[in-house]
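Analysis of the macromolecular model
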Amino acid sequence: MGKLWLLLIATGGAEKVLQWLFGMGGDQQVFPLMDFVASQSEEIDDFLARQRNDLAKPGSSLTQLRNAAMQLRYGSAAADEASLAAWLLKIRWSSLLWPETEEARDLVSHLAAIPPQVEGSPCDAASYDVDDVFLERLERAMQGLETLALEQNEFKWADFFGRQISQQPLCLMGVATLFLVAADITAFAAGAEGGEHSQRVERALLFAQGLALQHVLEAPAEQKDLHRRDLFRSRWPLWRLMRSIEVELAKGHAFNEPRALHADAIIETAEEEDLYLTVIVQCRNDDYGGHMLLRLNRMLATTGRMLHTTGVPSEIIIVEWNPVFNAAAIHEEIQREPGMETVPIRVIQVPTAIHMSMPHHKAHPIFEHTAENVAFRRARGKFILKTNIDNILAPDTILFIARQQLDPTVVYRATYMEYDVTCPEAEGKAADELIEWLFSREEIITGMNLEMADLRTKYPEDANVCSEGRQGEVPSSPRPFYWAGSGDFVLASRQLILSVRGYPEVAQNWQTDDLIHCRLRAAGARQVVLQPPCVTVHQNHRRINRVRASTRWVITDKNFQEVCDNPFRPLKTEIGLDGSWGFLNERFEENVV
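Keep in mind that what you see is a predicted model, and the values were worked out from it rather than measured.

**Some details on the pairing of strand β6 (residues 410-419)**
Where burial is concerned, most of β6 is hidden: 9 out of the 10 residues are buried. Strand direction decides the pairing type here: β6 and strand β8 (residues 526-539), joined by 10 bridges, are parallel. Looking at the pairing, Val411 lines up with Gln527 of β8.

**Focus: the state of the cysteines**
Inspection of every chain in the model, using the stated rule, returns 3 disulfides. With its sulfur 1.9 Å from that of its partner, Cys123 forms a disulfide with Cys171. With the S-S dihedral at roughly 95 degrees, the linkage between Cys123 and Cys171 falls on the right-handed side. Here Cys123, found in helix α8 (residues 122-125), pairs with Cys171, found in the loop between α10 (150-165) and α11 (172-193); they are 48 residues apart in sequence, far enough to count as distant. The same class applies to Cys123 and to Cys171, which are both buried.

**Describing helix α9 (residues 129-142)**
Over its 14 residues, α9 extends 20 Å from the first C-alpha to the last, a length consistent with the 20 Å expected when each residue adds 1.5 Å. Every buried residue belonging to α9 is among Asp131, Phe134, Leu135, Leu138 and Arg140, and all of these are buried. Looking at the packing, one finds that the buried side of α9 touches α10, α11 and α14 (238-253).

**What about the confidence of the model for the chain?**
Averaged over all residues, the pLDDT of the chain equals 90, while 94% of them reach at least 70. For the stretch residues 1-13, pLDDT sits under 50, and the model shows 19 contacts to residues farther than four places along the chain or on other chains.

**Quick word on the pattern of salt bridges**
Counted by the stated rule, this structure contains 40 salt bridges. Across the pair Lys458 and Asp454 runs a salt bridge whose closest N-O atoms are separated by 3.4 Å. Here Lys458 pairs with Asp454, and both are found in helix α21 (residues 442-458), just 4 residues apart, close to one helical turn. Two residues, Asp462 and Arg479, come together in a salt bridge whose shortest N-O distance is 2.9 Å. Highlighted residues: Asp462 in the loop between α21 and α22 (465-468) and Arg479 in the loop between α22 and β7 (490-493), separated in sequence by 17 residues. The buried category is assigned to Asp462, whose relative accessible area is 0%.

**A closer look at the layout of surface pockets**
Approximately 940 Å³ is the volume found for the largest pocket. Around the largest pocket, the lining comprises 48 residues; the ones closest to its centre are Tyr288, Glu368, Asp390, His541 and Arg548. Residue assignment for the lining of the largest pocket shows that the elements contributing at least two residues are α10, β1 (275-283), α15 (292-310), α18 (368-378), β6 and α25 (545-549). Residues of the lining of the largest pocket, tallied by class, amount to 16 nonpolar, 15 polar and 17 charged. In this structure, the second largest pocket spans a volume of roughly 690 Å³. Taken together, 27 residues form the lining of the second largest pocket, with Glu196, Arg552, Trp553, Thr556 and Asp557 sitting closest to its centre.

**Side note on the packing of aromatic side chains**
In total, this model carries 24 aromatic pairs according to the counting rule given. Aromatic side chains Trp321 and Phe583 sit 6.2 Å apart centroid to centroid with 55 degrees between the ring planes, which places their arrangement in the tilted category. One end of the pair, Trp321, is in strand β2 (residues 314-321); the other, Phe583, is in the loop between α26 (560-565) and β9 (589-592), with 262 residues separating them in the sequence. In this pair, the class of Trp321 matches that of Phe583, namely buried. Put simply, the rings of Trp20, Phe22, Phe31, Phe36, Phe47, Trp157, Phe161, Phe179 and Phe207 pair up and form one aromatic cluster.

Reading the values: rules and limits
Residues numbered from 1 in each chain as written. Predicted model: local features only at pLDDT ≥ 70, side-chain atom pairs only at ≥ 80, totals over all residues. Heavy atoms only, no water. Buried < 20%, exposed > 50% of the residue type's maximum accessible area, 1.4 Å probe, protein only. Helix = DSSP H or I, 4+ residues; strand = E, 2+ residues; numbered from the N terminus. Pairing = 2+ DSSP bridges. Disulfide = S-S within 2.5 Å. Expected span 1.5 Å × (residues − 1). Contact = heavy atoms within 4.5 Å. pLDDT = per-residue confidence, 0-100. Salt bridge = Lys/Arg side-chain N within 4 Å of Asp/Glu carboxyl O. 1 Å grid on protein atoms, 1.4 Å probe; cavity = no way out; pocket = protein on both sides within 12 Å on 5 of 7 lines; lining within 4 Å. Points joined across faces, edges and corners; volume = space filled by probe spheres on them. Nonpolar A, V, L, I, M, F, W, Y, C, P; charged D, E, K, R; others polar. Phe/Tyr/Trp six-rings, centres within 6.5 Å; stacked < 30°, edge-to-face > 60°.

Pasting the structure below:
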């Protein structure tokens, strides 16, 4: 093996991957890591083609590589770390993950089992306490104790970018790890779907391998062996992630198309209701989007106060999905204000084990619409308002509901608007004060007037529903659906929602909030658009939609219309097709606030 290693050591012409990556943002702003993996870019493709051309398939050397890795794993005196590292930096890593032989699988398994040795590691010497926190989270994720959200991986990427700008030490094995995390998250879809997702995995591997190679090439001559050892001995778990990617790819290949839905599971009868309204939301205590608990408590306070004041027999259900490791439970974080005593808040906790049992669970820390289905199956209201923790309802919207004249064959949509409620002017306001302040903003009033003019043109028969509850004559031709904020306000009878089985429970969040409307339309429900002043206001917050959108593969722009036109056709990764959707047969912990 030594001679072959000498042939492979001449790699001085390789491009500096890190500088190229950070240069994509103009050296002043970080280019999203997932965009390197998922976006369509000839520049990225050309760069990776050059990287790929310098790599070889392992071929007959696999047996030697496996034996060398096994020696290293078990501490054999014959183990040659430098030689093995040089080989691994020159063979195409993707050839180890779509393996044709048992040797490739064994190789990755042995490499993943090599214990780290922090002492003397140049990479670990360049790490900080914040890296330790990330590594702990990554370790828990690989043990199945929590989900490492893709957003957290992007935040770490931004942290590394900041260090590069300020010329702080940077461990390239750490940067390579972030690409392998991205590959791990998308690997299931690559195995189940192929196409662009397979390309994503290979892209991530090429970037990771290029960074690892650069770590060795840039080392002083006397430290090159130490830098090669980092390929195995650093705390950054490159090979354990490779093993995880391999497992996810295998799961995807074993994935079966969903069987046909039994006709008896399509229509279900609602049980006896003892309330008029159930308001449902879902969340987890991870501060997604920033100020998450503030937005949640404002939504609860304003909604609860208005329902109590208007006398609507109601409840609020929060589904806490996949609780955050070592964080307070949501029911402990809720701040109830006086004036909503008649409105109980039920918090249903869906444990991590349930989340981990679902296909593609690494892609999302929460499956939002499956969580909402959990609430649908446990609601006690005759009508259900599905909303989000970001939304503040206008008083007129609550007054409309308080008439208790809702049509059980209709799905109601409130006009969707947005406003930044996290501004200093709103701080410290009680529910009544916040409502009065928000709906007296000039921007909100102007926005409502503009929306009213537009919607009365598009849906003239719904113009008086908000103020008078009176619907105009239903047009003979189908109306276009009102899609704005499609998941922020869905008001329908519980029986209607149960009859369409809520949302399809698929391994995706992005673009799936529209699908309940497709199902309701197919079931014959009429959509009524509540026009201003019946609005719902989204509390603006930080969004990472580009990152979240990169995990969609079950429903895409290309197939959405077909899926919407056939909303009860089983989808890839869909669960609950036997009538158990919403985890009907599971008993979850529930706390009433």
